[in-house]
Amino acid sequence: MRHLHFVVLIFACPILSGTLATAQTHQAQTEAGDAAPYKSPKLPVEQRVQDLLSRMTLEEKVAMLSGSGWMESQPNPRLGIPSIKMADGPMGVRSWAGSSALTSAPGSTVLKVTSTAFPAGVAMAATWDTDLVRREAQAIGQEMKALGRNMILGPTLNINRVPLWGRNFEGYGEDPYLTARMGVAYIQGVQSKGVSATAKHFAANNQEYERHRIDARIDERALQEIYFPAFKAAVKEAGVWSVMSAYNKVNGTYCAENAALLKDVLQKQWGFKGFVVSDWGSTYSTADTVNAGMDLEMPGGEPMKAWLKTDGPRASGNSGGWLVPEKVLPELAAGRIKTAVVDDNVSRILRVLFASGQFDHLRTATAEVDTPGQRALARTAADEGIVLLKNTGDLLPLNLPKIHSLAIIGPNAAVARTGSGGSSLVRPNYAVAPLEGIRERAGSNVQVSYALGTSMELEDPSQDTPEARERSRNEAVALAEKADAAIVIVGRFPKFESEGFDIKSLDLPSGQDDLIEAVAKANKNTIVVINTGAPITMTRWIAQVPAILDMWYSGQEGGHALADVLFGDFNPSGKLPVSFVKEWKDSPAYGHYPGENLQVEYGESIYVGYRYFDKYKTEPLYPFGYGLSYTKFDYSDFKITPSVRGDRPVEVSLRVRNSGSRKGAEVVELYVHDGHSSVDRPINELKGFRRVELAPGETKSVTFSLDRSAMSYFSTTKKDWVAEPGQFDVLVGASSRDIRLKGSFTLEHDLPR
Ligand code: BGC
């Protein structure tokens, strides 16, 4: 069902000029008076921080260490310090009224918030389009302001280590470089609107199984090379204002009290100046947490107390309420926490309030949610994220004038599965299901019929019997037999794939593999559309179907986007940000997951995703970076200069030509191979990519500049990144396993940073 878009009007103050209205009214009544230096936006942020800090009592500072509600930090009316108003992301703005169990519950009466549902993180990563991610994040920033919130809890920067991770859909895939590029674009986009982004969950939150108690045992190199880079880029490149500590332990210590992570890595090594917020219910101590540099405990206040009294958090291992004044003040008195530490923690929160403009500007006077522009952006994002995995005999795109009938089948066909379960699930004003999108585009000349095919288990328990399943399957087969083509839309839904638990199996649930096999037998033009956030296995039916598309969870415009691709209005350009395995036992972490006795050894170390498949010569079902197009691209004119590198960066250039007859976009991927390393290194590592749009016959130049980071590994003996002199190969191609151009350069000596 479609609703009219609406305009949100929120005014806390008169409109002064432009989009931001300065709200001084709350400050005018403060004790410090208007002349206090911290109130002047003209003064440097650090001066304002120090001035404000010097006016605060110890009790007032301590009060700021924990939240005042489910999604609000503690305000200070005496000094005019506003509360930071948070909302979950990352795929849109979500209701802040309480836990996702509460806000997503059917019939829930708590505050309903609707906003644009953008595609899941994994779908955004599949676009390999950083500019698009930036625009998505700007739109989310705009909606945040429209709704009166100023800190979004996203992006999710955790690496897809295990294909069974329940939250794979939120992240940007298996590669640290790709994740970093996407994360930087997202953070810059959100923060350009004066809204804080939150890089989460630091660190190594790679499974939901026992997420509150598990101890992730990870070697230093894997942390530095795989799990840290996106967070490091978030801090050093994007200047993220907030980082969320993860639920789990890393190497024996809870992330929220892990000084090695928060003080040594985040603050000292990367120079983080913003504040760390705890994940909701992830604190377990007072002094250790404050001293480790965990600045703001969430949630807080009465909602926190009420929540912790319920059974759910206790059973799963949540904990909280450790940074409330009643607990922090005695630790200060006993000398286990120093005032200087509290000063530092509070000054981080104040710094963000000043630097982001949130202290000076309350919120926009007018702003919009779900505008035509935001809808169009959600559609473009969904279009670009779709990956064409198989297209035998160029079955796709469907040639509408020649088609008279289509059978649309599957438990994910008539419902729009925009995202998946947990804190990221956005409630949009409308959402287009695949069936709706296909019907709309196919028009009245095509007979579009629909069959459920098999009920999604647990969705309608009356259909969860072998008889009901067989009946549904037979109905679907009967439709498929009569149609020119059958489109089977399969996948998961929040009860199978969600925050809070891991996926039980890589095989499709609810008899969907049987359904695909049966439909493929009935109709040789069977197209399978995958609607999940994580890989699935396909071995049972892959050889029997000519075409496969992965649409992921693609937000409110998913149904339109699918129709765009099926009928050729949009030429697919998405590439996989994760490898697909043939079977679960081929996964890098197989045997090292989910751990025993509440410990999980990251035994595969740096060999995550394609790094593992390359090294151990395992054939994935579909490799990292893979995706087809309706046109063809030729690569040529490869140049690497200089071939012997002194201190100048290495420039790599090539030309890409669209040699087919349709316009399209190619994602050009650049990998580096270090063949002379004194330590074991992955065979190839992604170090660059560009998405290039080309008209038929058009050629464009693509250039890359390789700096020291493209050549370095983390030395555990030197405790630093090392680029070893010698020959490096540069491999450029259309996927990690489709290398079209290869050359090399020699590094003469390690380079200055
Ligand atoms: C999730 C976070 C989320 C927070 C607040 C936690 O359960 O892990 O990603 O931001 O809840 O809803």
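What follows concerns the side chain of Ser 245. Counting through the fold element by element, Ser 245 comes out in strand S7 (residues 242-245). Residue classification places Ser 245 among the buried residues on the basis of a relative accessible area of 0%. Those residues in contact with Ser 245 that lie beyond four places of it in its chain are Phe 202, Cys 255, Ala 256, Val 276, Val 277, Ser 278, Asp 279, Ser 282 and Met 294.

With the rule as written, the count across this model stands at 25 aromatic pairs. Ring geometry for Phe 228 and Trp 270: centres 5.5 Å apart, planes at 85 degrees, overall edge-to-face. With Phe 228 in the loop between helix H8 (220-227) and helix H9 (229-236) and Trp 270 in the loop between helix H10 (259-269) and strand S10 (275-278), this pair connects stretches of sequence that are 42 residues apart. One Lys or Arg, Lys 249, reaches over the ring of Tyr 254 and ends 4.9 Å from the middle of that ring. The ring of Tyr 616 carries Lys 615 above its face, with NZ or CZ at 5.6 Å from the centroid.

Within the secondary structure, Asn 571 sits in the loop between helix H20 (558-566) and strand S19 (599-601). Relative accessible area serves as the criterion here: at 9%, Asn 571 is assigned to the buried category. A polar atom in the side chain of Asn 571 sits 3.2 Å from the side chain of Ser 629.

All right, on to the site of the ligand then. The local shell around the ligand holds 13 residues, among which Asp 88, Arg 167, His 201, Tyr 247 and Asp 279 are the closest. Here an oxygen atom of the ligand sits 2.7 Å away from a polar atom, N or O, in the side chain of His 201. In this structure, Glu 499 approaches the ligand through a side-chain N or O atom, which is 2.8 Å from an oxygen atom. Protein burial of the ligand: of its 310 Å² of free accessible surface, 93% is covered by the chains. Its residues placed into classes, the shell around the ligand shows five nonpolar, two polar and six charged.

This brings us to the sheet that holds strand S25 (residues 699-706). Ordered in space as S20-S22-S25, the three strands form an open sheet in which the pairing is antiparallel. For this open sheet the edge positions go to strand S20 (633-641) and S25, each flanked by a neighbour on one side alone. With strand direction ignored, the average angle separating the axes of adjacent strands in the sheet is 20 degrees.

Taking 1.5 Å of rise per residue, the 17 residues of helix H18 (residues 466-482) would be expected to cover 24 Å, and the 25 Å separating its terminal C-alpha atoms lies within 8% of that figure. Listed as buried for H18 are Ala 468, Arg 469, Ser 472, Ala 476, Val 477, Leu 479 and Ala 480. For H18, the secondary structure elements touched by its buried residues are strand S14 (405-409), strand S15 (447-451), strand S16 (485-491) and helix H19 (512-522).

This part takes up helix H7 (residues 176-191). Helix length check: H7, at 16 residues, gives a terminal C-alpha distance of 22 Å against a target of 22 Å (1.5 Å per residue), a fit within 8%. Burial runs high along H7: 13 of the 16 residues are buried. If you check the start of H7, you find a side-chain oxygen 2.9 Å away from the backbone N of Tyr 177, and it comes from Asp 175.

Quick look at the environment of Leu 58 now. Along the chain, Leu 58 turns up in helix H3 (residues 58-63). Counting along the chain gives 582 residues from Leu 58 to Ile 640, while the straight-line C-alpha distance between them is 60 Å. Apart from residues no more than four positions distant in its own chain, Leu 58 is found in contact with Leu 332 and Thr 339.

The amide bond that connects Gly 154 to the next residue, Pro 155, takes the cis arrangement and shows omega of 10 degrees. Along the chain, Pro 155 falls in the loop between strand S4 (151-153) and H7. Between Met 298 and Pro 299 the backbone carries a cis peptide bond, its omega angle lying at -5 degrees. Relative to the assigned elements, Pro 299 resides in the loop between helix H11 (287-292) and helix H12 (301-309). Phi angles above zero are rare outside glycine, and Asn 251 is one such case at about 45 degrees. As for its placement among the helices and strands, Asn 251 is situated in the loop between strand S8 (249-250) and strand S9 (253-254). Note on Asn 251: relative accessible area 37%, which makes it partly exposed.

Before going further, it helps to spend a moment on the environment of Gly 568. Mapping Gly 568 onto the fold places it in the loop between H20 and S19. Judged by relative accessible area, which is 18%, Gly 568 ranks as buried. A C-alpha to C-alpha distance of 7.6 Å links Gly 568 and Leu 396, two positions 172 residues apart in sequence. Discounting chain neighbours no more than four positions away, the residues touching Gly 568 are Pro 397, Tyr 630 and Arg 662.

Evaluation of the coordinates by the stated rule reveals 47 salt bridges. With its nearest N and O atoms 3.5 Å apart, the salt bridge here joins Lys 200 to Asp 88. Separated by 112 residues along the polypeptide, Lys 200 in strand S5 (residues 198-202) and Asp 88 in strand S3 (residues 86-88) bring together distant segments of the chain. The exposure class of Lys 200 is buried, given its relative accessible area of 1%. Exposure remark for Asp 88: the relative accessible area of 8% places this residue in the buried category. A salt bridge links Arg 469 to Asp 464; the shortest N-O distance between them is 3.3 Å. One network of salt bridges, with partners in common, ties together Arg 167, Glu 170, Glu 208, Arg 211 and Glu 499.

Criteria and cut-off values
- Residues numbered from 1 in each chain as written.
- Predicted model: local features only at pLDDT ≥ 70, side-chain atom pairs only at ≥ 80, totals over all residues.
- Heavy atoms only, no water.
- Helix = DSSP H or I, 4+ residues; strand = E, 2+ residues; numbered from the N terminus.
- Buried < 20%, exposed > 50% of the residue type's maximum accessible area, 1.4 Å probe, protein only.
- Contact = heavy atoms within 4.5 Å.
- Phe/Tyr/Trp six-rings, centres within 6.5 Å; stacked < 30°, edge-to-face > 60°.
- Lys NZ or Arg CZ within 6 Å of the ring centre and 35° of its normal.
- Polar contact = N/O pair within 3.5 Å; in protein donor to acceptor, adjacent residues only side chain to side chain.
- Near = heavy atom within 4 Å.
- Areas by Shrake-Rupley, 256 points an atom, 1.4 Å probe, with all protein chains shown as cover.
- Nonpolar A, V, L, I, M, F, W, Y, C, P; charged D, E, K, R; others polar.
- Pairing = 2+ DSSP bridges.
- Axes fitted to C-alpha atoms, helices over the stretch in contact; angles between N-to-C directions.
- Expected span 1.5 Å × (residues − 1).
- Salt bridge = Lys/Arg side-chain N within 4 Å of Asp/Glu carboxyl O.

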